[in-house]
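Below are the chains, spelled out letter by letter.
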Amino acid sequence: MVFTIFGNPVKHSKSPLMHNFFFKKFNLPHCYTRYRLENGEKIIEKFKELKIKGANVTIPHKEWAFKLADEVRGVAKEMGAVNTLVLENSKIVGYNTDGPGFMEIIKNFDYKKPLIIGAGGTARAISYLLKADIVNRSEKRLEFFKQKGFNVYTWENFEFKNYDLIINTTSAGLKDNFLPMPEKMLKILFHNAKYAVDVVYGKKTPFLKLAEKDNLTTRDGLYLLVYQGVLAMELFLGRKLNKEEVAEIYFNILK
Ligand SMILES: NC(=O)c1ccc[n+]([C@@H]2O[C@H](COP(=O)([O-])OP(=O)(O)OC[C@H]3O[C@@H](n4cnc5c(N)ncnc54)[C@H](OP(=O)(O)O)[C@@H]3O)[C@@H](O)[C@H]2O)c1
């Protein structure tokens, strides 16, 4: 069976490395490629043309995949975004493994009150399952969450509550050394929290460095990359996997 990742750009994606390593390790006769798709409207047409069994979908095509899949299942319905497409009985079915993948990361955390920093696509994916409050530097993107009944704040009207899990879903710290919120505010948050999770991967962000100073338990974006991949693989193969064992395989190849 052949799988791919659709995105634009897609060159940087680690998914082919992860999934091909998995296939090799278990002697499975499958192959995972990458496909730079310019026009998201053509995603299903391309899926059929390539005669593939499944695909991951990354920026900027997750909404097209949601709109055009024959059927959408699970949390993807609420999120309005699909990151995994699977051919099932001649139907192309859309799922989202970002939110459930995030929940895998924190499944052993003992938290009560989570706070998400950022209000973009990743925040949408995570917030549905996590039921967190949201804080963003500007107002526009918060509107979506407000409509859905979340407590939303900008930096200006933010209220410090007893948040014990702080999640950075912004791209601050990815290509720069910015924190996702003013340092003074983060210091207060970290002082009272137990856990900090960042979705940025490939470097230790200023956000995680600051959290470590306060001795918080931290997880970087590699965890999300790994666990969304593990759940996608379950969907591709149509069977449950030992998630921890597969995650270990992905961590090893990515490191
Ligand atoms: N680990 C993984 O597997 C994984 C999966 C998905 C995404 N990601 C990463 O997640 C990050 C966000 O992706 P996305 O698709 O959610 O992005 P997005 O939809 O473009 O949203 C970006 C968010 O970040 C905020 N932001 C950007 N720069 C900021 C700064 N300097 N200070 C404070 N806030 C800032 C934006 O605030 P405004 O609304 O004010 O502009 C917005 O809320 C990216 O770095 C991406 O690589 C990782």
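Here, every reference points to the structure presented above.
In this text, all values refer to a predicted model and were calculated from it rather than measured experimentally. (Residues numbered from 1 in each chain as written. Predicted model: local features only at pLDDT ≥ 70, side-chain atom pairs only at ≥ 80, totals over all residues. Heavy atoms only, no water.)

*Asks:* Would you mind showing me how to read unusual backbone geometry here?
*Replies:* What you tend to see is this: most non-glycine residues have negative phi, and most peptide bonds are trans. A cis amide bond, omega 5 degrees, links Asn8 with the succeeding residue Pro9. Take Pro9: it is sitting in the loop between strand S1 (2-7) and helix H1 (15-25). Phi angles above zero are rare outside glycine, and Ser90 is one such case at about 60 degrees. Residue position: Ser90 is located in the loop between strand S5 (84-88) and strand S6 (91-95). (Helix = DSSP H or I, 4+ residues; strand = E, 2+ residues; numbered from the N terminus.)

*Asks:* What is the right way to read the environment of Asn39 from this model?
*Replies:* Along the polypeptide, Asn39 turns up in the loop between strand S2 (31-36) and helix H2 (43-49). In this structure the C-alpha to C-alpha distance between Asn39 and Asn8, which are 31 residues apart in sequence, comes to 9.0 Å. Within the structure, Asn39 has its side chain in polar contact with the backbone nitrogen of Glu41 (distance 3.0 Å). (Polar contact = N/O pair within 3.5 Å; in protein donor to acceptor, adjacent residues only side chain to side chain.)

*Asks:* Please explain the sheet that holds S6 as it appears in this structure.
*Replies:* Remark on secondary structure: sheet strands pair via backbone hydrogen bonds, oriented parallel or antiparallel. One open sheet accounts for six strands, arranged S2-S1-S3-S5-S6-S4; its pairing is mixed. Strands at the two margins of the open sheet, each flanked by one partner only, are S2 and strand S4 (71-72). Note: S1 against S2, six bridges, orientation parallel. Along S2, the bridge assignment pairs Ile5 with Arg34. Strands in contact with H1 are S1, S2 and strand S3 (54-57); relative to S2, the strand with the most contacts, it is inclined by about 165 degrees. (Pairing = 2+ DSSP bridges. Contact = heavy atoms within 4.5 Å. Axes fitted to C-alpha atoms, helices over the stretch in contact; angles between N-to-C directions.)

*Asks:* When you look at the site of the ligand in this model, what are you seeing that I'm missing?
*Replies:* As a matter of local geometry, the ligand sits amid 23 residues, with Thr122, Asn136, Arg137, Ser138 and Gly221 nearest to it. Within the side chain of Ser138, an N or O atom sits 2.5 Å from an oxygen atom of the ligand. At a separation of 2.9 Å, an oxygen atom of the ligand approaches a polar side-chain atom of Arg141. In isolation the ligand offers 940 Å² of accessible surface; the protein chains occlude 79% of this area. When contributions to the shell around the ligand are tallied by element, the ones reaching two or more residues are helix H6 (121-130) and helix H10 (221-237). Tallying contributions element by element places H10 first for the shell around the ligand, with three residues. Residues of the shell around the ligand, tallied by class, amount to 11 nonpolar, 10 polar and two charged. (Near = heavy atom within 4 Å. Areas by Shrake-Rupley, 256 points an atom, 1.4 Å probe, with all protein chains shown as cover. Nonpolar A, V, L, I, M, F, W, Y, C, P; charged D, E, K, R; others polar.)

*Asks:* Would you take a moment to explain the pattern of salt bridges for this structure?
*Replies:* Opposite charge on two side chains lets them pair, provided their charged atoms get close. Applying the stated criterion across every chain, the model contains 15 salt bridges. Note that Glu71 is salt-bridged to Lys91, the shortest N-O span being 2.8 Å. Remark: Lys91 occurs in strand S6 and Glu71 occurs in strand S4; sequence separation between them is 20 residues. For Glu71, a relative accessible area of 25% corresponds to the partly exposed category. Given the relative accessible area of 37%, Lys91 is considered partly exposed. Between Arg73 and Glu88 there is a salt bridge, and its shortest N-O distance comes to 2.8 Å. With Arg73 in the loop between S4 and helix H4 (76-79) and Glu88 in strand S5, this pair connects stretches of sequence that are 15 residues apart. Note on Arg73: relative accessible area 30%, which makes it partly exposed. The partly exposed category is assigned to Glu88, whose relative accessible area is 21%. Beyond isolated ion pairs, a larger network of salt bridges with shared partners links Glu71, Arg73, Glu88 and Lys91. (Salt bridge = Lys/Arg side-chain N within 4 Å of Asp/Glu carboxyl O. Buried < 20%, exposed > 50% of the residue type's maximum accessible area, 1.4 Å probe, protein only.)

*Asks:* Even after reading the chapter, I still don't get the side chain of Thr218, so can you show me in this structure?
*Replies:* Residue placement: Thr218 occurs in strand S12 (residues 217-219). Among the residues examined, Thr218 registers a relative accessible area of 18% and is labelled buried.

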